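Given next are the chains, with one letter for each unit.
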Amino acid sequence: MYRVGYVIEEIIKESNMDTSFRQVLRGTDRKHSHQGSYLLAHKPEVLAELTAQIAAGTFRVKDYREREIMEGGKLRRIQILTMKDRIAVHAIMAVVDRHLRKRFIRTTSASIKERGMHDLLAYIRRDMKEDPEGTQYCYKFDIRKFYESVKQDFVMYCVNRVFKDKKLIAMLDNFVRLMPEGISIGLRSSQGLGNLLLSVYLDHYLKDKYAVRYFYRYCDDGVVLAKTKAELWKIRDAIHYYTERPALVIKENERVFPVGEGIDYLGYVTYDADYVRLRKRIKQKFARKMHEVKSRKRRRELIASFYGMAKHANCNMLFKKLTGKDMRSFKDLNVAYKPEDGKKRFPGVVVSIRELVNLPIIVKDFEMGIKTEQGEDRCIVAIELNGEPKKFFTNSEEMKNILSQVREMPDGFPFETTVKTETFGKGKTKYVFS
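Residues take numbers from 1 onward in each chain, read along the sequence in its written order. In view of the model being predicted, local features appear only for residues whose pLDDT reaches at least 70, and side-chain atom pairs are presented and counted only at 80 or more, with totals across whole chains, interfaces and linings using the full set of residues. Side-chain calculation: all heavy atoms of the structure are included, whereas hydrogens and water are not.

Asker: Can you tell me about the sheet that holds strand E4 (residues 137–142), naming the residues and giving the values?
Answerer: Overall, mixed pairing links the five strands, which are arranged E3-E5-E6-E4-E7 in an open sheet. The sheet is open, and its two edges are formed by strand E3 (108–109) and strand E7 (255–258), each paired on a single side. A contact between two residues is defined here by any heavy atoms of the two lying within 4.5 Å. Only the contacting stretch of a helix is used when fitting its axis, a line to C-alpha atoms as for every element, and angles between N-to-C directions run 0 to 180 degrees. In DSSP terms, a helix is any run of H or I states spanning at least four residues, a strand is any run of E spanning at least two, and both are numbered starting from the N terminus. Contacting E4, strand E6 (221–226) and E7, helix H12 (residues 229–244) crosses the sheet at an angle of about 20 degrees to E4. At least two bridges found by DSSP between two strands is the condition for calling them paired.

Structure, rendered in structure tokens:
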């Protein structure tokens, strides 16, 4: 297996260290705290010290305090680091997580950038819609006390399979062995390294060896869909075998059942691709809070949070009943941004016109009189390339004239074309539509 090196150099980049500093000290309360005030007043010295420790591979987490919290109806004991240590841990794990993300299967979520519960829910609904025959039954499982029961040696075995930088491995070893047993729930590294453990010992075996098509994992909770119960019982045995290797145990509440009974997963109960309801506990919790809270500002915040969950399910009537408001999509409001300068704004990244030469594109629209670093009266052209929106700037009078003529035609836009180059004068080049 290919192992990654030279990770320390990425971690100690000024941009990464500064981003981590700002991320840890986000929010007024943190900035105004005793630790936050000190760190803000001594930012250059603090970052220089942490950068030197990380570069030498000598950074270690030493001090932390513990606090008990209720999460999902469970009492958890989490470890809280000093803000200074959290800056270094965040800087290290921001880069480590970026490398780990490439190793995870696409249907693994939780604590992975751009892969939250709604992303995974969308995958489940898509698969159920595209293959209703192959997703008639479900096997749902959960690992018992995952973070507390993880064996530290197995995590470090996985780390050594991915990274070869000894300085980095020594710092990650400190994170993993911070607790006498298991891995810390409050430490920034635990989610990524926990995902790595299950990726190595479970995900890739199911996908690569058993060719399990519909497997989804959100941290230590998993769901498998298949055509028959018999198929799922075989997969269930494989999951037990591979989770037992790193000494993990599946909870007794695992079950195989028809999808029509509803898959209680990710905060929703999914009955089929087009019918999803909110989990009962979430509805009850929101209703209680709305009854208790009197502050208008806090009620607005609660409604906005609940809307963020409800909009992914069939909950229009429920939302109306609990909030007294109609749940409307942004698309239904028929509003759009109207710039003060009256100029159009086009989606997509800006590309150089040189990159478009000899490529088939679709010209969608244009806008004149745009001010750029190169001049005042530039033209921006909105295009579509390989199905993706893009745009480019031009000062070609010929292109401007052609675009103006097309605008006068009843069905001028959009049109297909290819950008070509022509030579004129003494070796000069111009770009034209063909």
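Asker: Tell me about the sheet that holds strand E14 (residues 388–394), and name the residues and values.
Answerer: Taken together, six strands build an open sheet; the order of strands is E11-E14-E13-E12-E15-E16 and the sheet is mixed. The strands lining the two open edges of the sheet, one partner per strand, are strand E11 (349–350) and strand E16 (428–433). Bridge count for E11 against E14 is two bridges, and the pairing is parallel. Paired with Val350 across the strands is Lys391, a residue of E14.

Asker: Give a detailed account of a positive patch on the surface, specifying residues and quantitative values.
Answerer: The patch calculation keeps residues exceeding 30% relative accessible area without a salt bridge and links them within 9 Å when they carry like charges or within 5 Å when they are nonpolar (Val, Leu, Ile, Met, Phe, Trp, Tyr). All accessible-area figures derive from a Shrake-Rupley calculation using a 1.4 Å probe, and residue coverage is judged against the displayed protein chains alone. The term salt bridge refers to a side-chain nitrogen of Lys or Arg lying within 4 Å of a carboxyl oxygen of Asp or Glu. Under this rule, positive means Lys or Arg and negative means Asp or Glu; His and the chain ends count for nothing. A charged residue contributes its charge at one atom only: NZ of Lys, CZ of Arg, CG of Asp or CD of Glu. On the surface, a cluster of positive charge is contributed by Arg296, Lys297, Arg300 and Lys325. Looking at the secondary structure, you find Arg300 in helix H14 (residues 296–310).

Asker: Got a sec to walk through the packing of aromatic side chains? Specific residues and values, please.
Answerer: Any two rings among Phe, Tyr and Trp, with Trp reduced to its six-membered ring, count as a pair given centres within 6.5 Å; such a pair is stacked if its planes are under 30 degrees apart, edge-to-face if over 60, and tilted if neither. Going through the model one piece at a time under the given rule, you end up with 15 aromatic pairs. Note on Phe415 and Phe433: the rings are 6.0 Å apart at their centroids and 90 degrees apart in plane angle, and the pair reads as edge-to-face. With Phe415 in strand E15 (residues 415–424) and Phe433 in strand E16, this pair connects stretches of sequence that are 18 residues apart. For each residue, the accessible area found with a 1.4 Å probe, counting protein chains only, is set against the maximum for its type, and the residue is called buried under 20%, exposed over 50%, and partly exposed in between. Residue classification places Phe415 among the buried positions, given a relative accessible area of 18%. Given the relative accessible area of 15%, Phe433 is considered buried. Clustering of aromatic rings is evident, with ring pairs tying together Tyr205, Tyr210, Tyr241 and Tyr242. Remark: a charge is flagged as sitting over a ring if the NZ atom of Lys or the CZ atom of Arg is within 6 Å of the ring centre and within 35 degrees of the ring normal. Positioned above the aromatic ring of Phe257 is the side chain of Arg255, whose terminal nitrogen or guanidinium carbon lies 4.0 Å from the ring centre. Stacked on the ring of Phe366, the Lys or Arg Arg407 has its end atom at 4.0 Å from the ring centre.

Asker: Provide a residue-level description of unusual backbone geometry, including the pertinent values.
Answerer: Note on backbone geometry: most residues besides glycine have negative phi, and most peptide bonds are trans. Put simply, Phe413 and Pro414 share a cis peptide bond, and its omega is -10 degrees. By secondary structure assignment, the location of Pro414 is in the loop between helix H17 (397–408) and E15. Within the chain, Lys145 stands out as a residue other than glycine whose phi angle is a positive 40 degrees. Tracing the backbone through its elements, the reader meets Lys145 in the loop between E4 and helix H8 (146–149). Of the residues examined, Lys145 reaches a relative accessible area of 59% and is grouped as exposed. Phi at Cys219 takes a positive value of approximately 60 degrees, unusual for a residue other than glycine.

Asker: Break down the pattern of salt bridges for me, citing the residues and quoting the values.
Answerer: The final tally for this structure, using the stated rule, is 28 salt bridges. One salt bridge connects Arg236 with Glu254, and the closest N-O pair in it is separated by 3.0 Å. Of the two residues, Arg236 is situated in helix H12 and Glu254 in the loop between H12 and E7; the sequence distance between them amounts to 18 residues. Beyond isolated ion pairs, a larger network of salt bridges with shared partners links Asp18, Arg22 and Lys43.

Asker: Account for the pairing of E15, with residues named and values stated.
Answerer: Note: strand E12 (residues 360–372) against E15, four bridges, orientation antiparallel. Paired with Val363 across the two strands is Phe415, which belongs to E15. Two strands pair when backbone bridges link them, and E15 and E16 are joined in this way by six bridges, in the antiparallel orientation. Counted as the bridge partner of Glu422 is Lys430 from E16. A loop of three residues connects E15 with E16, the two strands running antiparallel in sequence, and Gly425 in this loop sits at a positive phi of about 60 degrees.

Asker: Can you explain the environment of Tyr201? Please cite residues and give values.
Answerer: Within the element layout of this structure, Tyr201 appears in helix H11 (residues 188–209). Tyr201 sits 47 residues away from Phe154 along the chain, and the two C-alpha atoms are 9.4 Å apart. Beyond its immediate chain neighbours, meaning those up to four positions away, Tyr201 contacts Phe154, Tyr157, Cys158, Tyr242, Arg245 and Pro246.

Asker: Hey, could you go over the state of the cysteines for me, with residue numbers and the actual values?
Answerer: Here, a disulfide means two cysteine sulfur atoms that sit within 2.5 Å of each other. Counting across every chain of the model gives zero disulfides. Cysteine Cys219 is unpaired, with the sulfur of Cys158 as its nearest cysteine sulfur at 15 Å.

Purely geometric stuff here, so don't read any function into it on its own.
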